[in-house]
Amino acid sequence: RLAGRGYALLAPDMPWSDEDPADRITALALAAADAVVDQGYADPLRMGVMGGSLGGYSVCCVVTRTDRFRAAVAEASFCDLVSQVLYAKGNTLAGVPWVEGGILRLGATLWEAPQRYIDNSPVFRVNHVNTSLLLLHGTADDACPIHQAEEMYAGLLHLGKVATLVRYHGAGHVIGQSPENHRDMQVRVLEWFGRYLRGETEEGGKPIAEQPD
């Protein structure tokens, strides 16, 4: 849908191997942005960023570290590694394997390196956000519980940043498995980028939490 509306899309590889993924992710995103601008594919003043799950986390990292992007969309994201690593499903610590090792590879427990968890948690840097951020999350997400998006949104709300949180009731980690949700997400993403990248509608300027009808 985005390409059909005239947007140029880039899906870069985002490899990293150090203990500070948030900075590394941001550096890779900026390098990709520089490349498409240098090649004439993108307007440097009208760039957006979007992603889901780990990509949603990446979006939240990027917008807390640079003002390069005017609009952002984070789907099923996590933003607080402290609460994520303490998230339990029954007697299983669901977030520990992929935060300490696995995907993020912080390489230590929360108690061994608390500052590393804070430094790599976007929620602790919402005061630096100047990018309009759309958060999309399912209320039944058991991989990244909705409180992750709600924490990010609450911080943005408290500081008067431009943000919207859309809660999809009953949706799991893959929100778009429902055709209705898939269509709703497409419409919202197009409207968000249309508003904040193309100026197609007037900016409201106030954070709002929404849920689909």
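Treat the numbers as computed from the prediction; the structure is a model and nothing was measured.

Q: So what's going on with the overall build of the protein chain? Residues and values would help.
A: The helix and strand inventory of the protein chain stands at seven helices and seven strands. Listed by position from the N terminus, the elements making up the protein chain come as α-β-α-β-α-β-β-α-α-β-α-β-α-β. For the protein chain, the C-alpha radius of gyration of 17 Å lies close to 17 Å, the compact-globule estimate for 213 residues. Counting every position in the protein chain, which comprises 213 residues, the buried fraction comes to 44%. Here the analysis covers contacts within the protein chain between residues at least 6 apart in sequence; of these, 69% occur between residues at least 24 apart. Accessible surface for the protein chain amounts to roughly 10,400 Å². Of this, 51% is attributable to carbon and sulfur atoms.

Q: Explain the pairing of strand 5 (residues 132–138) to me, and be specific about the residues and the numbers.
A: Two faces, one strand: in a regular strand the side chains alternate between the faces of the sheet. Within strand 5, seven of the seven residues are buried, which leaves it mostly tucked inside the rest of the structure. The side-chain alternation of strand 5 yields two buried faces, one formed by Ser 132, Leu 134, Leu 136 and Gly 138 and the other by Leu 133, Leu 135 and His 137. In this structure, strand 2 (residues 71–75) lies alongside strand 5, joined through five bridges in parallel fashion. When the bridges of strand 5 are listed, Ala 72 appears paired with Leu 133. As judged from the six bridges shared by strand 5 and strand 6 (residues 163–168), these two strands associate in the parallel manner. Within strand 6, the residue paired with Leu 135 across the bridge is Leu 165.

Q: How would you sum up helix 6 (residues 147–158)? Please name residues and give values.
A: Between its first and last C-alpha, helix 6 extends 16 Å over 12 residues, near the 16 Å set by a 1.5 Å rise per residue. Here helix 6 has its buried residues at Gln 148, Ala 149, Met 152, Tyr 153, Gly 155 and Leu 156. One face of helix 6 carries all of its buried residues, which in axial projection span an arc of 160°. One or two steps after helix 6, the chain reaches Gly 160, where phi turns positive at roughly 70°.

Q: Go over the pattern of salt bridges, please, and point to the residues and values.
A: When the charged atoms of two side chains with opposite charge come close together, those side chains can pair. Evaluated as defined, the whole model comprises four salt bridges. Here Asp 23 and Arg 65 are joined by a salt bridge, their closest N and O atoms 2.8 Å apart. Residue Asp 23 is found in helix 1 (residues 21–38), and its partner Arg 65 is found in the loop between helix 2 (54–63) and strand 2; the two are separated by 42 residues along the sequence. For Asp 23, a relative accessible area of 48% translates into the label partly exposed.

Rules of the game
Residues numbered from 1 in each chain as written. Predicted model: local features only at pLDDT ≥ 70, side-chain atom pairs only at ≥ 80, totals over all residues. Heavy atoms only, no water. Helix = DSSP H or I, 4+ residues; strand = E, 2+ residues; numbered from the N terminus. Rg over C-alpha atoms; globule rule 2.2 N^0.38 Å. Buried < 20%, exposed > 50% of the residue type's maximum accessible area, 1.4 Å probe, protein only. Contact = heavy atoms within 4.5 Å. Areas by Shrake-Rupley, 256 points an atom, 1.4 Å probe, with all protein chains shown as cover. Pairing = 2+ DSSP bridges. Expected span 1.5 Å × (residues − 1). Arc of directions from axis to C-beta. Salt bridge = Lys/Arg side-chain N within 4 Å of Asp/Glu carboxyl O.

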